[in-house]
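A closer look at the structure
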Amino acid sequence: MSSSFLLYLLRRALWTVPTLLLVAVLVFVLMRLIPGDPAQLILGDAGTAEQLADLRAQFGLDKPILVQFGLWLSHMASGDFGHSLSSGEAVLPLLLERFQVSAAIVLVAVGAATLLAVPAGLFAAWKQNSLTDTVIVAGATFFLSIPSFWLGLLLLLFVGLKLGWVPVVGYVTFSQDWRAAASYLVLPVITLTLIEMGVLTRMARSSAIETLRLEYVTHARAKGLSELRVLLRHVLPNAFAPTWTLIGLVLGNLLGGIAVLETVFTLPGLGRLLVDAIFARDYPVVQGCLLFTAGIYVLVNLVVDLFYPLFDPRVATS
Amino acid sequence: MKLRTNALIGGLLVATVTAMALLSVIWTPYNPLRLNLRMRLKPPGSLHWLGTDEFGRDILSRLLAGAGASLLVAALTVLVALLLGTLLGLIAGYFRGRIDRVMMVFNDALLAFPGILLALGIMVVTGANKYGIVLALGLAYTPTVVRLVRGTVLSLREKEYVEASRVIGNSELVTMLRHILPNCAAPLMVLGTSMFGWVVLAESALSFLGLGVPPPAPTWGNMLSSGRPYIESAAWLGIAPGVCIALTLLGINLLGDALRDWLDPRMEPR
């Protein structure tokens with residue numbers, strides 16, 4: 001491990017600090033742009049002027065905006081995300097509980113999709129322009145074009161209702177009954193796996209095609225290595241690098257976009273929590289969800305970038 | 001050969017959806033908003049080719065009108081993102097230095113937000129309506145455009161013909177608009193096409209969540225959402241709008257692939 005490599009890791013890790021700070025500013029600004037102030041929204045017409053003033057003081061709404069931001073940021077940074085306006089529950093534990101559901105689906109699905117998509121993409125690239133290639137690309141483009149919530153709805157209809165193989169409504173946690181929990185998550189995981197396979201297969205294929213054109217692959221072949229060895233030892237590691245970055249983006253986008261799937265399968269995940277909070281104008285929960293999801297996204301991409309030199313050592317030296 | 005097949009199928013699908021959208025402006029078989037409670041949840045038949053929904057409204061008519069709504073929202077959104085993104089990207093690439101650095105830090109922070117999450121955050125402010133979605137998705141996709149335009153500007157300003165334009169005495173602004181901007185057109189077209197697909201998908205997802213175009217105005221997303229409770233008893237409610245979304249996206253993706261191979265062979269799908 002060279003010093004330039006360590007420097008890369010350090011610089012990349014430090015870069016998350018200003019990013020997280022700007023994410024916090026963005027969320028704060030968004031929340032303040034909402035018409036009306038939170039105190040009024042909780043009390044509605046029922047509150048007296050005194051109650052309103054009390055509540056405003058409690059939220060720090062009577063102080064200058066920069067002080068409000070400072071107060072707010074110190075609360076957020078210490079993990080105090082406030083309490084839900086509708087249920088009174090603390091926001092952070094709520095987020096963590098809901099996150100488990102979403103994270104389980106997303107991680108398993110993206111893992112499965114990667115395991116299936118990378119070999120498929122590699123194979124298609126190796127057989128470029130053959131019938132097999134055309135079929136793989138067509139399949140990938142097909143799944144890329146199906147909205148996840150519609151595919152979910154169709155699976156729910158055919159596998160859940162017509163065949164009756166899995167329960168269609170409800171959810172229990174893994175600690176209560178892991179078999180039942182898994183049966184509720186099978187369909188959402190299959191849906192996401194199929195959809196994400198579309199994106200990842202296309203990416204793996206196009207980067208494998210580029211790698212196959214490089215001289216060192218010709219060289220490896222000229223040395224008399226078997227095709228399988230050339231593909232696994234020389235093409236796969238290089239071709240995987242762009243796909244690896246894409247996985248980071250996919251994970252983050254899924255956390256933002258999983259609300260639709262959780263709605264189809266009535267799962268109590270993070271996405272559904274955000275959407276319900278938007279409807280209920282439950283601002284502490286909305287802001288908690290935004291901060292938490294964006295924070296996870298930044299961290300996931302940090303981890304992805306930290307591992308990136310394993311697949312492409314050039315980044316660390318440039 | 002394959003390129004042409006892709007372009008042909010993609011073009012046909014997109015043309016069909018556009019034709020549906022245009023047709024809906026002048027004619028639909030029934031009024032897409034008219035309730036007819038005696039005709040609730042009728043399966044596809046000779047009177048209503050694609051059946052009726054839970055309020056007895058004609059599904060074919062609603063699909064046509066939904067095509068109009070989806071394409072209008074997508075077109076406006078892509079327009080907002082491209083215009084705003086190009087302007088900001090040109091500014092960053094033109095001034096470079098400190099302005100560029102500050103702009104890029106903000107841009108990267110916005111890119112650190114998953115697009116749909118940013119859109120949801122903006123929609124908390126704008127509220128759920130047609131223009132709210134356009135604004136939210138338009139702003140959410142702007143940073144991608146900024147980055148593309150800035151990158152293109154920075155690489156082009158070192159080119160010889162740009163140098164030549166400066167040498168013959170053209171101002172920086174003229175050089176920018178006459179010689180650099182036109183060369184951003186090809187990558188912008190490729191990005192704009194993919195973005196159109198992302199927006200159609202995002203809009204239908206937001207409508208499905210009830211955060212999009214509010215009912216009773218039909219969109220494919222809110223038709224799927226209101227059909228969900230009837231998925232077992234009246235599956236046609238959930239089939240037709242999904243087919244429309246999927247075929248539109250397939251058309252745009254195929255067209256986008258063909259366009260990318262033709263204009264910019266190196267650019268990878270995101």
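None of these values were measured; they are calculated from a predicted model. Counting of residues starts from 1 at the beginning of each chain's written sequence and follows it residue by residue. Chain letters start at A and ligand numbers start at 1, both assigned in the order the entries are written. In keeping with the model being predicted, local features are shown solely for residues with a pLDDT of at least 70 and side-chain atom pairs are shown and tallied solely at 80 or more, while totals for entire chains, interfaces and linings include all residues.

Side note on the overall build of chain A
What counts is decided by this rule: A run of H or I in DSSP counts as a helix once it spans at least four residues, and a run of E counts as a strand once it spans at least two, with each numbered from the N terminus. A residue pair is marked as a contact if its C-beta atoms, positioned from the backbone, fall within 7 Å.
Check the secondary structure of chain A and you find 14 helices and 0 strands. The N-to-C order of helical and strand elements in chain A reads α-α-α-α-α-α-α-α-α-α-α-α-α-α. Considered along the principal axes of its C-alpha atoms, chain A spans approximately 85 × 60 × 35 Å. For chain A, long-range pairs separated by at least 24 residues make up 73% of all intrachain contacts whose partners lie at least 6 apart in sequence.

Digging into the overall build of chain B
The test is simple: Counting other C-beta atoms within 10 Å of its own, a residue is labelled buried from 20 upward, exposed at 12 or fewer, and partly exposed in the gap between, with every C-beta atom placed from the backbone.
Scanning chain B from N- to C-terminus turns up 9 helices and 0 strands. Listing the helices and strands of chain B from first to last along the sequence gives α-α-α-α-α-α-α-α-α. Residues counted as buried form 50% of the 270 residues belonging to chain B. When contacts within chain B are restricted to residue pairs at least 6 apart in sequence, long-range pairs at least 24 apart make up 68% of them.

Here we look at the nonpolar core
Under the convention used in this document: Note on terminology: a nonpolar core is a set of buried residues of type Ala, Val, Leu, Ile, Met, Phe, Trp, Tyr or Cys, with members joined through C-beta atoms within 7 Å.
Counting 159 residues, the largest nonpolar core has Leu-274 and Cys-289 of chain A as its most contacted members. In terms of residue count, helix H7 (residues 172-209) of chain B provides more of this core than any other element does, 17 residues in total. Beyond its immediate stretch of four places on either side in the chain, Leu-274 of chain A contacts Ala-259, Val-286 and Cys-289 of chain A together with Leu-120 of chain B.

Some remarks on unusual backbone geometry
Residue and element names in this part refer to chain A. Phi is positive for Asn-129, which is not a glycine, with a value near 70°. Within the fold, Asn-129 resides in the loop between helix H5 (91-126) and helix H6 (131-144). Located in the positive-phi region is Arg-281, a residue other than glycine, with phi close to 55°. Secondary-structure assignment places Arg-281 in the loop between helix H12 (270-280) and helix H13 (283-311).

Some details on the packing of helix H5 (residues 130-156) of chain B against H7 of chain B
All names here are of chain B. Keep this limit in mind: Orientation is described by lines fitted to C-alpha atoms, with helices fitted over the stretch in contact, and by angles between N-to-C directions that extend from 0 to 180 degrees. Here roughly perpendicular refers to angles of 65 to 115 degrees, roughly parallel to angles under 35, roughly antiparallel to angles over 145, and oblique to all remaining angles. Should the near helix be turned anticlockwise from the far one by less than a right angle, the crossing is left-handed, and should it be turned clockwise, the crossing is right-handed.
Where H5 meets H7, the axes come as close as 10 Å, and the angle between the chain directions of the two elements is 155°. Taken together, the axes of H5 and H7 are roughly antiparallel relative to one another. Here the hand of the crossing between H5 and H7 comes out right-handed. Only Ile-180, Asn-183, Cys-184, Pro-187, Leu-191, Met-195, Val-199, Ala-202, Glu-203 and Leu-206 of H7 make contact with H5, whose side of the interface consists of Ile-133, Leu-137, Tyr-141, Thr-144, Val-145, Leu-148, Val-149, Thr-152, Val-153 and Leu-156.

Some remarks on the interface of chain A and chain B
Quick note on the threshold: Gly counts as polar in this scheme, as do all residues outside two lists: the nonpolar Ala, Val, Leu, Ile, Met, Phe, Trp, Tyr, Cys and Pro, and the charged Asp, Glu, Lys and Arg.
Counting residues at the interface gives 42 residues for chain A and 37 residues for chain B. Contributing elements (two or more residues each) for the side of chain A that touches chain B: helix H1 (3-33), H6, helix H7 (148-162), helix H8 (178-212), helix H10 (227-257), helix H11 (259-264), H12 and H13 of chain A. The element contributing the most residues to the side of chain A that touches chain B is H1 of chain A, with 7 residues. Here the residues of the side of chain A that touches chain B are counted per class, giving 30 nonpolar, 11 polar and 1 charged.

Regarding H7 of chain B
All names here are of chain B. To keep it simple, the criterion reads: What a helix should span is 1.5 Å times the count of its residues minus one. Bend is the name given here to the angle between axes fitted to two runs of seven residues, the run ending at a residue and the run starting at it.
The terminal C-alpha atoms of H7 lie 47 Å apart, and with 38 residues this falls more than 12% below the ideal 56 Å at 1.5 Å per residue. At Leu-181, H7 is bent by approximately 35°, the largest bend along its length, and proline Pro-182 sits one to four residues beyond. Backbone geometry just after H7 places Gly-210 at a positive phi near 90°.

A closer look at the packing of H5 of chain A against H13 of chain A
Residue and element names in this part refer to chain A. Across the interface, H5 lies against H13 with an axial gap of 10 Å and an inter-helix angle of 55°. Considered as vectors, H5 and H13 are oriented oblique to each other. Judged by the twist between their axes, the crossing of H5 over H13 is right-handed. Note on element contacts: H13 touches H5 through Pro-284, Val-285, Gly-288, Cys-289 and Phe-292, opposite Val-91, Leu-92 and Leu-95.

Quick word on the environment of Val-217 of chain A
All names here are of chain A. Assignment of secondary structure puts Val-217 in helix H9 (residues 215-222). The sequence separation of Val-217 and Val-235 amounts to 18 residues, and the corresponding C-alpha distance is 7.3 Å. Apart from residues lying up to four places away in sequence, Val-217 is in contact with Thr-211, Leu-212, Val-230, His-234 and Val-235.

Some details on the confidence of the model for chain A
For clarity, the cut-off: As a per-residue measure, pLDDT tells how confident the predictor is, with possible values from 0 to 100.
Residues with a pLDDT of 70 or more make up 95% of chain A, whose mean pLDDT is 84. By mean pLDDT, helix H14 (residues 314-317) of chain A is the weakest element of chain A at 64, and H5 of chain A is the strongest at 92.

As for the environment of Ala-204 of chain A
Residues and elements named next belong to chain A. Inspection of the secondary structure assignment puts Ala-204 in helix H8. Put simply, Ala-204 and Ile-258 are 54 residues apart on the chain and 23 Å apart in space, counted from C-alpha to C-alpha. Those residues in contact with Ala-204 that sit more than four places away from it in its chain are Ala-117, Val-118, Gly-121, Leu-122, Ala-239 and Thr-243.

Quick notes on the confidence of the model for chain B
Residue and element names in this part refer to chain B. Within chain B, residue pLDDT values average 86, and 96% of them lie at 70 or more. When mean pLDDT is compared element by element in chain B, helix H2 (residues 59-95) scores highest at 92, while helix H4 (residues 115-126) scores lowest at 83. Both confidence scores are given for the complex: pTM 0.87, ipTM 0.85.

Quick notes on the environment of Leu-153 of chain A
Among the structural elements, Leu-153 of chain A can be located in helix H7. Judged by C-beta crowding, with 25 C-beta atoms within 10 Å, Leu-153 of chain A ranks as buried. Separated by 93 residues in sequence, Leu-153 of chain A and Gly-60 of chain A place their C-alpha atoms 45 Å apart. Leave out the neighbours within four places in its chain, and Leu-153 of chain A touches Val-264 of chain A together with Leu-224, Arg-228, Ile-231, Gly-238 and Gly-242 of chain B.

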